[in-house]
Amino acid sequence: MYAIIKTGGKQYRVAQDDVIEIEKIKGLSENDEVTFDDVLAVGEGADIAIGTPTVEGATVKGQVLELCKSPKVIVYKYKPKKDYRRKQGHRQPFMKVKITKIEK
């Protein structure tokens, strides 16, 4: 059985024991339990329930494995012939979550 969940403005197809990388959720640390209530679809094959927009009563539970940062992205701005240069780096925080249970 699999589910499609929505978190951090993105959608993920998950099954039990999957490890996914999602946007960081404030207030959570490692080994915390996280519950996703925005379940867009759940089931498998002909026994799939599709929500309008979410499936009532369906939840997906997971455990936070690790808090990480993505590789550095360099943002460089300049204007030619004007001596204007700005260099800035950015590392987006994310978390690795292991899906432990899908409830229909």
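In what follows, the accompanying structure is described. (Residues numbered from 1 in each chain as written. Predicted model: local features only at pLDDT ≥ 70, side-chain atom pairs only at ≥ 80, totals over all residues. Heavy atoms only, no water.)

1. So, the side chain of Thr7
Among the secondary structure elements, Thr7 is positioned in strand S1 (residues 2–7). On the basis of relative accessible area, Thr7 is assigned to the buried category, the value being 12%. (Helix = DSSP H or I, 4+ residues; strand = E, 2+ residues; numbered from the N terminus. Buried < 20%, exposed > 50% of the residue type's maximum accessible area, 1.4 Å probe, protein only.)

2. Comments concerning the nonpolar core
Counting residues in each nonpolar core, the largest one holds 19 residues, and the members touching the most others are Ile5, Val14, Phe36, Val60, Val97 and Ile99. Listed by contribution, the elements that provide at least two residues to this core are S1, strand S2 (10–15), strand S3 (19–23), strand S4 (33–36), strand S5 (39–44), strand S7 (59–69) and strand S10 (93–103). In terms of residue count, the dominant contributor to this core is S10 (four residues). The residues contacting Val97, other than those within four sequence positions of it, are Asp18, Val19, Ile20, Ile22, Val34, Phe36, Gly62, Gln63 and Leu65. (Core = buried A, V, L, I, M, F, W, Y, C linked by side-chain atoms within 4.5 Å. Contact = heavy atoms within 4.5 Å.)

3. A short note on the pattern of salt bridges
As enumerated under the stated definition, the model contains five salt bridges in all. With a closest N to O distance of 3.9 Å, Arg85 and Asp83 form a salt bridge. On the accessibility criterion, Asp83 (71% relative accessible area) is exposed. Glu103 is the partner of Lys101 in a salt bridge, and the nearest nitrogen-oxygen pair spans 3.5 Å. Given a relative accessible area of 26%, Glu103 falls into the partly exposed group. (Salt bridge = Lys/Arg side-chain N within 4 Å of Asp/Glu carboxyl O.)

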